Amino acid sequence: MWVLMYVFSDSVSPAATDDRAEWRLLPTVVFKEFSNEERCKAAKSALEGSLQEAGAKLRSGLEDLKSLRKADPAQVIIAYNVECLPK
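First, a word on what this report is: a plain description of the structure on this page.

Calculation rules
- Residues numbered from 1 in each chain as written.
- Predicted model: local features only at pLDDT ≥ 70, side-chain atom pairs only at ≥ 80, totals over all residues.
- Heavy atoms only, no water.
- Buried < 20%, exposed > 50% of the residue type's maximum accessible area, 1.4 Å probe, protein only.
- Helix = DSSP H or I, 4+ residues; strand = E, 2+ residues; numbered from the N terminus.
- Pairing = 2+ DSSP bridges.
- Contact = heavy atoms within 4.5 Å.
- Axes fitted to C-alpha atoms, helices over the stretch in contact; angles between N-to-C directions.
- Core = buried A, V, L, I, M, F, W, Y, C linked by side-chain atoms within 4.5 Å.

**Focus: the pairing of strand 1 (residues 2-12)**
Strand residues, when the strand is regular, have side chains that alternate between the two faces of the sheet.
Next, step 1: Across the 11 residues of strand 1, 8 count as buried, placing the element largely inside the fold.
Next, step 2: Bridging between strand 1 and strand 2 (residues 26-34) involves 9 bridges; their strand directions are antiparallel. Paired with Val7 across the two strands is Val29, which belongs to strand 2.
Next, step 3: Relative to strand 3 (residues 76-86), strand 1 is paired through 11 bridges, and the arrangement is antiparallel. When the bridges of strand 3 are listed, Ser9 appears paired with Ala79.

**Notes on the environment of Arg20**
Next, step 1: Within the fold, Arg20 resides in the loop between strand 1 and strand 2.
Next, step 2: For Arg20, a relative accessible area of 57% corresponds to the exposed category.
Next, step 3: As a C-alpha pair, Arg20 and Pro73 span 53 residues in sequence and 18 Å in three-dimensional space.

**A closer look at the side chain of Ser11**
Next, step 1: As for its placement among the helices and strands, Ser11 is situated in strand 1.
Next, step 2: Judged by its relative accessible area of 4%, Ser11 falls in the buried class.
Next, step 3: The contacts of Ser11, once residues within four sequence positions are left out, are Glu22, Trp23, Arg24, Leu25, Gln75, Val76 and Ile77.

**A look at the sheet that holds strand 3**
Pairing between sheet strands relies on hydrogen bonds along the backbone, with the strands arranged either parallel or antiparallel.
Next, step 1: Pairing in this open sheet of 3 strands is antiparallel, and the strands run 2-1-3 from one edge to the other. Both edges of this open sheet fall to strand 2 and strand 3, since each of them pairs with a single strand only. For this sheet, the mean inter-axis angle between neighbouring strands, taken without regard to orientation, is 15°.
Next, step 2: Packed on one face of the sheet, helix 1 (residues 37-67) meets strand 1, strand 2 and strand 3 and runs near 175° to strand 3.

**Observations regarding the nonpolar core**
Next, step 1: In terms of nonpolar packing, the biggest core is built from 8 residues, these being Trp2, Leu4, Tyr6, Phe34, Cys40, Leu51, Val82 and Cys84.
Next, step 2: At the level of elements, strand 1, helix 1 and strand 3 are the ones that each hand at least two residues to this core.
Next, step 3: Tallying contributions element by element places strand 1 first for this core, with 3 residues.

The values reported here are purely geometric and, on their own, carry no functional implication.
Pasting the structure below:
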């Protein structure tokens with residue numbers, strides 16, 4: 001049995017918002033079980049690809065807002081980690 005562990009966290013710089021709840025880097029952890037290592041690694045690869053694509057779209061959107069002086073990508077922190085672990 002293998003477990004896919006996915007950790008995602010995000011935060012916004014205090015300079016970007018008055019909502020203190022958004023300042024904290026709060027992780028979300030998800031676990032999914034797989035019957036074998038190959039299925040776990042395939043899911044890991046698909047998830048990482050999806051996260052990279054989403055990150056690129058977000059970065060592009062923030063750069064567009066930065067050019068309009070409405071946002072700064074440096075004020076947003078997004079991190080993720082995806083691992084396949086034997087159970």
